[in-house]
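Coordinate inspection notes
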Amino acid sequence: MNSGMMRNLDKIRFAVVSVVFVAAITLAVCFPVSFNASSIAGDSTTLFDLPILGGVHVSKMLQVVVNIVIFFIFLIYFVFELLRGRITFLSTVKRSCAVALTVAGGFGAGLLISYLTARGTGLDYHFLAPLATVSSTTGKLVMLICSVVLALLVLSGYLLFRARIVRHSLSSMRSSASFTAAGKYALTVGYGAMLLQFIVAAVLLGLTGDNQLFLVPLACGTLAMALWRATSLKLFMPLAIFVIVIHSVAVMTAIATEMTIGLYAVLVANGILVFLLVLALADLYSLSRK
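The paragraphs below set out a description of the structure included in this document. (Residues numbered from 1 in each chain as written. Predicted model: local features only at pLDDT ≥ 70, side-chain atom pairs only at ≥ 80, totals over all residues. Heavy atoms only, no water.)

Let's talk about the overall build of the chain
Short version of the rule: Runs of H or I in DSSP of at least four residues are treated as helices and runs of E of at least two as strands, each being numbered from the N terminus. Classification of residues uses two cut-offs on accessible area relative to the type maximum, computed with a 1.4 Å probe and protein chains only: under 20% is buried, over 50% is exposed, and between them is partly exposed. Two residues qualify as a contact provided that any one of their heavy atoms is within 4.5 Å of a heavy atom in the partner residue.
A count of helices and strands for the chain gives 8 helices and 3 strands. When the helices and strands of the chain are read in sequence order from the N terminus, they spell out α-β-β-β-α-α-α-α-α-α-α. Relative to its 290 residues, the chain shows a buried fraction of 44%. Look at the contacts in the chain between residues 6 or more apart in sequence, and 69% of them connect residues 24 or more apart.

And the structure:
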């Protein structure tokens, strides 16, 4: 495949990802989810009001089983990737730490933004008990604009580090060096984000039993990469992006409708973690070489 055809293919894949991303956000906002605990026949269940599909009751036992299966698949495939040499444990841990620092930075920025928004709109804000509900339209608009700015900063940081790694690889005599470097960067970012989601999901499963905000992206990312490797079809990447975005945005939209001023930082942190995984999947999909 010549360079012109590769560039055209990259543009087509970029357009596909863009359409999938916008469509998922639109559907998520139009069909938000909600969570309600209920008891049916003595069995504790959770009602998931899924976008488009409607309400679905899931037993706590089934949730645990699904969690164990997804954790097992992720760990097995993660070890498989390590053994095949596609990623290294050290590089993935380093990237996971970088992702964690980015998420922590987003959390700190969210706290600062929520504090300044509270002060500017006259809300009562306490650091340890931020319970004031954001009812001001101005306050919500400010938080929305700040969220977009933070997303653009994360995107810029991802592209900046990616470009630096690709430039460093250009000294290689192999024509595929830049594609290999870009692919490994996207892989380590993706696995770094999923490793962090795996840890948080496992902790939340033990503490609260409710972790699907982290479990769904972990499951979609793992299955997309595994099926891509098994079939060489990159179609699974945009499908995973669609499910991740529509689920995460719908859940966070539902939370935001009843959001207290202190929850904003949590939404920002989770949004950044999901966004980094989506960026990695989109990057892997857009690359012309495997």
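With respect to the packing of aromatic side chains
Selection rule: For this analysis, a ring pair means two rings from Phe, Tyr or Trp (six-membered ring only for Trp) whose centres lie within 6.5 Å, classed as stacked if their planes differ by under 30 degrees, edge-to-face if by over 60, and tilted for the remaining angles. Charge over a ring is defined by NZ of Lys or CZ of Arg lying within 6 Å of the ring centre and within 35 degrees of the ring normal.
For the coordinates displayed, the defined rule picks out 7 aromatic pairs. When the ring of F71 is compared with that of F198, the centres are 5.1 Å apart and the planes differ by 85 degrees; the resulting orientation is edge-to-face. Of this pair, F71 sits in helix α2 (residues 60-84) while F198 sits in helix α5 (residues 177-207); the two residues are 127 residues apart in sequence, bridging distant segments of the chain. Of the aromatic side chains, those joined through ring pairs into one cluster are F71, F74, Y77, F78, F80, Y191 and F198. Over the face of the ring belonging to W228 we find R229, whose NZ or CZ atom lies 4.3 Å from the ring centre.

A closer look at the nonpolar core
Selection rule: We define a nonpolar core as any set of buried Ala, Val, Leu, Ile, Met, Phe, Trp, Tyr and Cys residues linked to one another through side-chain atoms lying within 4.5 Å.
Within the largest apolar cluster, 59 residues are counted, with the highest numbers of intra-cluster contacts made by Y191, M225, M237 and L281. Those elements giving two or more residues to this core turn out to be α2, α3 (89-121), α4 (137-169), α5, α6 (212-231), α7 (236-257) and α8 (263-286). For this core, the element with the highest residue contribution is α8, accounting for 16 residues. Look past the residues within four positions of L281 in its chain and what remains in contact with it is G221, M225, M237, A240, I241 and I244.

Regarding α3
This is how it is decided: In a helix, the anticipated span is given by 1.5 Å times the number of residues less one.
Compared with the 48 Å implied by 1.5 Å per residue over 33 residues, the 47 Å span of α3 between its first and last C-alpha is a close match. Of all the residues in α3, the buried ones are T92, S96, V99, V103, G106, G110, L111, I113, S114, T117 and A118.

Here we look at the pattern of salt bridges
Basically, it comes down to this: Any carboxyl oxygen of Asp or Glu that lies within 4 Å of a side-chain nitrogen of Lys or Arg is treated as forming a salt bridge with it.
Taken as a whole and assessed by the stated rule, the structure comprises 3 salt bridges. The salt bridge partner of R229 is E81, with a shortest N-O separation of 3.7 Å. With R229 in helix α6 and E81 in helix α2, the pair connects residues that are 148 residues apart, well separated along the chain. Side by side, R229 and E81 carry an identical accessibility label, which is buried. Residue R162 pairs with D283 through a salt bridge whose shortest N-O separation is 2.7 Å. With R162 in helix α4 and D283 in helix α8, this pair connects stretches of sequence that are 121 residues apart. Looking at D283, the relative accessible area reads 7%, which means it is buried. Salt bridges linked by common partners bring E81, R86 and R229 together as one network.

Considerations on the packing of α7 against α8
This is how the line gets drawn: Interaxial angle, 0 to 180 degrees, is taken between N-to-C directions of lines fitted to C-alpha atoms, where a helix line uses only the stretch in contact. Here the word oblique covers every angle except those under 35 degrees (roughly parallel), over 145 (roughly antiparallel) and from 65 to 115 (roughly perpendicular). Classification convention: Asp, Glu, Lys, Arg as charged; Ala, Val, Leu, Ile, Met, Phe, Trp, Tyr, Cys, Pro as nonpolar; all other residues, Gly among them, as polar.
Relative orientation of the contacting elements α7 and α8 amounts to 170 degrees, with a least axis distance of 10 Å. Classed by the angle they form, the pair α7 and α8 counts as roughly antiparallel. On α8, the residues touching M237, P238, A240, I241, I244, V245, S248, M252, I255 and A256 of α7 are L263, L267, N270, G271, V274, L277, V278, L281, A282, L284 and Y285. In the contact of α7 with α8, the residues fall into 18 nonpolar, 3 polar and no charged.

Focus: unusual backbone geometry
A negative phi angle is the norm for most residues apart from glycine, just as the trans form is the norm for most peptide bonds. The residue S232 is not glycine, and still its phi comes out positive at about 65 degrees. The topology assignment puts S232 in the loop between α6 and α7.

Let's talk about the environment of V251
Inspection of the secondary structure assignment puts V251 in helix α7. Classification of V251 as buried rests on a relative accessible area of 3%. C-alpha separation for the pair V251 and L267, spaced 16 residues apart in sequence, amounts to 10.0 Å.

Quick word on α8
Two residues of an α-helix separated by three or four positions point the same way, owing to the 3.6 residues in each turn. Given a rise of 1.5 Å per residue, 24 residues ought to cover 34 Å, and the 34 Å separating the end C-alpha atoms of α8 matches this to within 8%. Taken across its 24 residues, α8 has 22 buried, putting it largely inside the fold.

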